[in-house]
Amino acid sequence: LIQAAISASVPPDDYEVLVDRAASSDPHDDSPPVRWARNVTQRVRDFNVTLERRAQLGAAWAGFFHNYDVLLTPVTPTTAFVHTPGDVDEREIEVDGVRRPYADQFAWLQSVGGVHLPATVAPAGLAGSGRPVGVQVVGPLFGDRTTIAFAGLLGELTGGRAPPPGY
């Protein structure tokens, strides 16, 4: 939805290149450049179907938060890592010994952000590598103060944020 919403800002010539890429790519190709092309150039009907699905997910989350104050999730599938410059679509990271697209880092963030749920990242200490680990505190729609307060309490329990050694 986000990528489709910004499609109007893509210059016309670049947009046509994306249309061609989306149309000519293998249907099973889920690489970041092809996903980008498909998302930016999706049909209005597909966009509206996705909006409806988001509304359904929002209703399901509302039901979840009738029973729970917050949900704790990872922030990303890895601890903090050294960032390297380059095209995000071509970058990779290692997760449990497996090379994965850099964009996989956003899965936990997008899964709740896409339905407008507030989330706050709280420090959860350092991993064995000495790099910081965070916990994403997710709350109900408009529950920003709850996630912030809980993250503060969690930070107190874990000792707050400490820069990793050598930084």
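As shown above, the structure is provided for reference.
Residues numbered from 1 in each chain as written. Predicted model: local features only at pLDDT ≥ 70, side-chain atom pairs only at ≥ 80, totals over all residues. Heavy atoms only, no water.

**Notes on the sheet that holds strand β5 (residues 132–138)**
Part 1 of the reasoning: Strand order in the open sheet made by the 3 strands is β1-β5-β4, with antiparallel pairing throughout. Two strands lie at the open edges of the sheet, namely β1 (71–74) and β4 (119–126), each paired on one side alone. If you compare each strand with its neighbour and ignore which way they point, the axes differ by 35° on average.
Part 2 of the reasoning: With 6 bridges connecting them, β4 and β5 associate as antiparallel partners. When the bridges of β5 are listed, leucine 126 appears paired with proline 132.
Part 3 of the reasoning: Running over the sheet, helix α6 (residues 144–158) touches β1, β4 and β5 and is turned about 5° from β4. (Pairing = 2+ DSSP bridges. Helix = DSSP H or I, 4+ residues; strand = E, 2+ residues; numbered from the N terminus. Axes fitted to C-alpha atoms, helices over the stretch in contact; angles between N-to-C directions. Contact = heavy atoms within 4.5 Å.)

**Some points on α6**
Part 1 of the reasoning: With 15 residues, α6 should cover 21 Å at 1.5 Å per step; its first-to-last C-alpha distance of 21 Å lies within 8% of that length.
Part 2 of the reasoning: For α6, the set of buried residues is Thr147, Ala151, Leu154 and Gly155. End-on, the buried residues of α6 take up no more than an arc of 105°, which puts them together on one face. Away from the buried face of α6 by more than 90 degrees, exposed residues Arg145, Leu153, Glu156 and Leu157 are located.
Part 3 of the reasoning: Check the buried side of α6 and you find it contacts β4 and β5.
Part 4 of the reasoning: Positive phi appears at glycine 159, one or two residues downstream of α6, with a value of about 90°. (Expected span 1.5 Å × (residues − 1). Buried < 20%, exposed > 50% of the residue type's maximum accessible area, 1.4 Å probe, protein only. Arc of directions from axis to C-beta.)

**Considerations on the packing of aromatic side chains**
Part 1 of the reasoning: Inspection of every chain in the model, using the stated rule, returns 4 aromatic pairs.
Part 2 of the reasoning: Pairing tryptophan 61 with phenylalanine 65 gives two aromatic rings, centres 5.9 Å apart and planes at 25°, and the pair type is stacked.
Part 3 of the reasoning: On the numbers, 4.8 Å between centres and 25° between planes, the contact of phenylalanine 64 with tyrosine 68 is stacked.
Part 4 of the reasoning: We classify phenylalanine 64 as partly exposed; its relative accessible area is 26%.
Part 5 of the reasoning: Take tyrosine 68: its relative accessible area is 47%, and that puts it in the partly exposed class. (Phe/Tyr/Trp six-rings, centres within 6.5 Å; stacked < 30°, edge-to-face > 60°.)

**Some points on the pattern of salt bridges**
It is possible for side chains of opposite charge to pair when their charged atoms get near one another.
Part 1 of the reasoning: The full count for this structure, using the stated rule, is 4 salt bridges.
Part 2 of the reasoning: Note that arginine 35 is salt-bridged to aspartate 30, the shortest N-O span being 3.4 Å.
Part 3 of the reasoning: Here aspartate 30 falls in the partly exposed class, since its relative accessible area comes to 48%.
Part 4 of the reasoning: Across the salt bridge formed by arginine 43 and aspartate 46, the nearest N and O atoms sit 3.3 Å from each other.
Part 5 of the reasoning: Under the relative-accessibility criterion, arginine 43 is labelled exposed at 53%.
Part 6 of the reasoning: One connected set of salt bridges, linked through shared partners, spans Glu92, Glu94 and Arg99. (Salt bridge = Lys/Arg side-chain N within 4 Å of Asp/Glu carboxyl O.)

**Describing unusual backbone geometry**
Glycine aside, a negative phi is what most residues show, and trans is what most peptide bonds show.
Part 1 of the reasoning: Of note in this structure, histidine 116 is not a glycine but carries a positive phi near 65°.
Part 2 of the reasoning: Phi is positive for phenylalanine 142, close to 65°, though the residue is something other than glycine.
Part 3 of the reasoning: Within the secondary structure, phenylalanine 142 is located in the loop between β5 and α6.

**Remarks on the environment of alanine 5**
Part 1 of the reasoning: Locating alanine 5 in the fold gives a position in helix α1 (residues 2–5).
Part 2 of the reasoning: Note on alanine 5: relative accessible area 57%, which makes it exposed.
Part 3 of the reasoning: Taking C-alpha positions, alanine 5 is 9.8 Å from threonine 41, a pair spaced 36 residues apart along the chain.

**Brief notes about the environment of serine 31**
Part 1 of the reasoning: Within the fold, serine 31 resides in the loop between α2 (12–24) and α3 (32–40).
Part 2 of the reasoning: Overall, the relative accessible area of 25% leaves serine 31 in the partly exposed class.
Part 3 of the reasoning: In this structure the C-alpha to C-alpha distance between serine 31 and arginine 131, which are 100 residues apart in sequence, comes to 29 Å.

Everything listed is a geometric property; what it means functionally is a separate question.
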